[in-house]
Amino acid sequence: MSKFEISDDADELNQEIDDTNFPTRSNSISFGAANGNGSTGSLNGGYGPFANRRRSSSIRRTESEMTEGDENGYAAGGAGAGAALPPSSAGGENGEAANNNSVGGGGENGAPAAIAGGLNRARPTPIRTISLSGHEKCTFHHDLELDHKPSTREDLLPLMSKSYRMLLSSLGEDPERQGLLKTPERAAKAMLFFTKGYDQSLEEALNGAVFDEDHDEMVVVKDIEMFSMCEHHLVPFYGKVSIGYLPCKKILGLSKLARIVEIFSRRLQVQERLTKQIAVAVTQAVQPAGVAVIIEGVHMCMVMRGVQKINSKTVTSTMLGVFRDDPKTREEFLTLCNNK
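Residues numbered from 1 in each chain as written. Predicted model: local features only at pLDDT ≥ 70, side-chain atom pairs only at ≥ 80, totals over all residues. Heavy atoms only, no water.

Description of the packing of aromatic side chains
Right, on to step 1. Within the structure shown, the criterion is met by two aromatic pairs.
Right, on to step 2. Between the aromatic rings of Phe323 and Phe333, the centroid separation amounts to 5.8 Å while the plane-to-plane angle is 75°, which identifies the pairing as edge-to-face. Of the two residues, Phe323 is situated in helix α9 (residues 322–325) and Phe333 in helix α10 (residues 327–338); the sequence distance between them amounts to 10 residues.
Right, on to step 3. The class for Phe333 is buried, based on a relative accessible area of 0%. (Phe/Tyr/Trp six-rings, centres within 6.5 Å; stacked < 30°, edge-to-face > 60°. Helix = DSSP H or I, 4+ residues; strand = E, 2+ residues; numbered from the N terminus. Buried < 20%, exposed > 50% of the residue type's maximum accessible area, 1.4 Å probe, protein only.)

Here it is in structure tokens:
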């Protein structure tokens, strides 16, 4: 237990106060005078009727005890009526008191927690450990609990343009020459367009175009053009997407299948993940009996660099529900996709 030195005026005050005014329980202390019903009196900002006198009391911890109570040296307990209180070990991981009447001790993170008379005192505001431009108002930035809206993608243009300008200089080019003056801004706008899928959601794309319909036969939309960006080299890959699903009393607007392709292809992608994301999105939209997706793509990272195989194509597929479980259903879908 921590030791305290108590000044003479505090010791004098303790002798004047009847201990019966401070009913106690195990591991708890309540402030306030008892009333006729035996309950404690109301608190004034967490202090009892002797608040003013207690505040004048100077309670000093000795230097040898400053490190007790928690890892960071915070005071672990509160003071009542001028009496020095030892730190409680009831603090949790974050230093919170174990019950409403505890005078809290520091936990793993060393945060003090003092609760008087069953009322919680305000916890200190965490210190922001990261200071970044545009995040000055983040109260809990280090906890990733942002209290402001993130910047729009258009707000990123100046920084992206500057990055492209630096890239041109790194390549030995002169960003000031006529043909390159506006190239950084154009390139930044193009990259935002290539990755606009990050700003879109499935709900926005569907726009309520899900309809109740007593139809349980296969629906196939094939050869949907697709353009995406390889996340490994930041060069394009493109191709065609074919989607089939078996409805369960709900159908999806046909154009919405193409919009789903657009949402997930306009991101940094690999074709394997893109195929599955499209299938899962259709499943979420209409809860069909099954979904099938096939993508045939040409990757510039294989055509214009590396092995430079200009005639190579990559085919990926995802089969969910009956398309995976029933060979005949899967064969029907593949037949419809291959018919020209």
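Describing the pairing of strand β8 (residues 219–230)
Right, on to step 1. In this structure, β8 lies alongside strand β9 (residues 236–246), joined through nine bridges in antiparallel fashion. Of the residues in β9, the one forming a bridge with Glu225 is Lys240.
Right, on to step 2. Relative to strand β11 (residues 268–269), β8 is paired through two bridges, and the arrangement is parallel. Note on β11: the bridge partner recorded for Cys230 is Gln269. (Pairing = 2+ DSSP bridges.)

Some points on the environment of Gly239
Right, on to step 1. Along the chain, Gly239 turns up in strand β9.
Right, on to step 2. Setting aside its immediate chain neighbours within four residues, Gly239 contacts Ile224, Glu225, Met226, Glu296 and Gly297. (Contact = heavy atoms within 4.5 Å.)

Notes on the sheet that holds strand β13 (residues 314–321)
Right, on to step 1. Read from one edge of the open sheet, five strands run β11-β8-β9-β12-β13, paired in mixed fashion. Looking at the sheet topology across the chains shown, the edges are occupied by β11 and β13.
Right, on to step 2. Lying over the sheet, helix α6 (residues 254–265) contacts β8, β9 and β11, oriented at roughly 20° with respect to β8. (Axes fitted to C-alpha atoms, helices over the stretch in contact; angles between N-to-C directions.)

Comments concerning the nonpolar core
A general tendency of soluble globular proteins is for nonpolar side chains to be buried together.
Right, on to step 1. By size, the foremost hydrophobic cluster in this structure holds 33 residues, and its most contacted members are Val241, Ile243, Ile260 and Ile278.
Right, on to step 2. Elements with a minimum of two residues in this core: α5 (202–206), β8, β9, α6, α7 (271–286), β12 (290–299) and α8 (300–303).
Right, on to step 3. In terms of residue count, α7 provides more of this core than any other element does, seven residues in total.
Right, on to step 4. Among residues more than four places away in sequence, those in contact with Ile243 are Val219, Val220, Val221, Ile224, Leu257, Val261, Ile278, Val282, Ala292, Val293 and Phe333.
Right, on to step 5. Within the second largest apolar cluster, eight residues are counted, among which are Ile294, Phe323, Phe333 and Cys337. (Core = buried A, V, L, I, M, F, W, Y, C linked by side-chain atoms within 4.5 Å.)

Notes on helix α4 (residues 183–194)
Right, on to step 1. Compared with the 16 Å implied by 1.5 Å per residue over 12 residues, the 16 Å span of α4 between its first and last C-alpha is a close match.
Right, on to step 2. Every buried residue of α4 is accounted for by Pro184, Ala188, Met191 and Leu192. Mapping the buried residues of α4 onto a view down its axis gives an arc of 100°, with all of them on the same face.
Right, on to step 3. Among the structural elements, α3 (157–170) and β8 are those in contact with the buried residues of α4. (Expected span 1.5 Å × (residues − 1). Arc of directions from axis to C-beta.)

Observations concerning the pattern of salt bridges
Right, on to step 1. In the structure shown here, the tally under the stated rule is eight salt bridges.
Right, on to step 2. Note that Glu176 and Arg165 form a salt bridge whose closest N and O atoms lie 1.9 Å from each other. Of the two residues, Glu176 is situated in the loop between α3 and α4 and Arg165 in helix α3; the sequence distance between them amounts to 11 residues.
Right, on to step 3. Linking Glu262 and Lys196 is a salt bridge whose minimum nitrogen-to-oxygen distance equals 3.8 Å. Of the two residues, Glu262 is situated in helix α6 and Lys196 in the loop between α4 and α5; the sequence distance between them amounts to 66 residues.
Right, on to step 4. The class for Lys196 is partly exposed, based on a relative accessible area of 24%.
Right, on to step 5. Among the ionic contacts, a cluster of salt bridges with common partners joins Lys196, Glu262 and Arg266. (Salt bridge = Lys/Arg side-chain N within 4 Å of Asp/Glu carboxyl O.)

Comments concerning the side chain of His299
Right, on to step 1. Its location among the elements puts His299 in strand β12.
Right, on to step 2. For His299, a relative accessible area of 13% puts it in the buried group.
Right, on to step 3. One polar contact links His299 to Gln271, side chain to side chain, over a distance of 2.8 Å. (Polar contact = N/O pair within 3.5 Å; in protein donor to acceptor, adjacent residues only side chain to side chain.)

Quick notes on the confidence of the model for the protein chain
Right, on to step 1. Averaged over every residue, the pLDDT of the protein chain is 73; residues scoring 70 or more account for 56%.
Right, on to step 2. Across residues 126–130, confidence stays below pLDDT 50; counting only partners more than four residues off in sequence or on other chains, it has 11 contacts.
Right, on to step 3. In the model, residues 139–148 has pLDDT below 50 throughout and makes 21 contacts with residues more than four positions away in sequence or in other chains. (pLDDT = per-residue confidence, 0-100.)

Points about the side chain of Ser242
Right, on to step 1. The topology assignment puts Ser242 in strand β9.
Right, on to step 2. Here the side chain of Ser242 touches Asp223 through a polar contact of 3.4 Å, landing on its backbone nitrogen.
Right, on to step 3. Among all residues touching Ser242, those that are not within four sequence positions of it are Val221, Lys222, Asp223, Ala292, Val293, Ile294, Phe333 and Cys337.

Brief notes about the packing of α3 against α4
Right, on to step 1. Running from N to C, α3 and α4 cross one another at 120°; their axes reach a closest spacing of 8 Å. By the angle between their directions, the pair α3 and α4 is classed as oblique. The element α3 and its partner α4 pack so that their crossing is right-handed. Only Thr183, Pro184, Glu185, Ala187, Ala188, Lys189, Met191 and Leu192 of α4 make contact with α3, whose side of the interface consists of Leu157, Met160, Ser161, Tyr164, Arg165 and Leu168. (Parallel < 35°, antiparallel > 145°, perpendicular 65-115°, else oblique. Left-handed = near helix turned anticlockwise from the far one by under 90°.)

Some remarks on the packing of α6 against α7
Right, on to step 1. Here α6 crosses α7 at 135°, and the two axes come no closer than 10 Å. By the angle class used here, α6 and α7 are oblique. In this structure, α6 crosses over α7, and the sense of that crossing is right-handed. Taking contact as the criterion, the partners of Leu257, Ile260, Val261, Phe264 and Ser265 in α6 are, on α7, Leu274, Gln277, Ile278, Ala281 and Val282.

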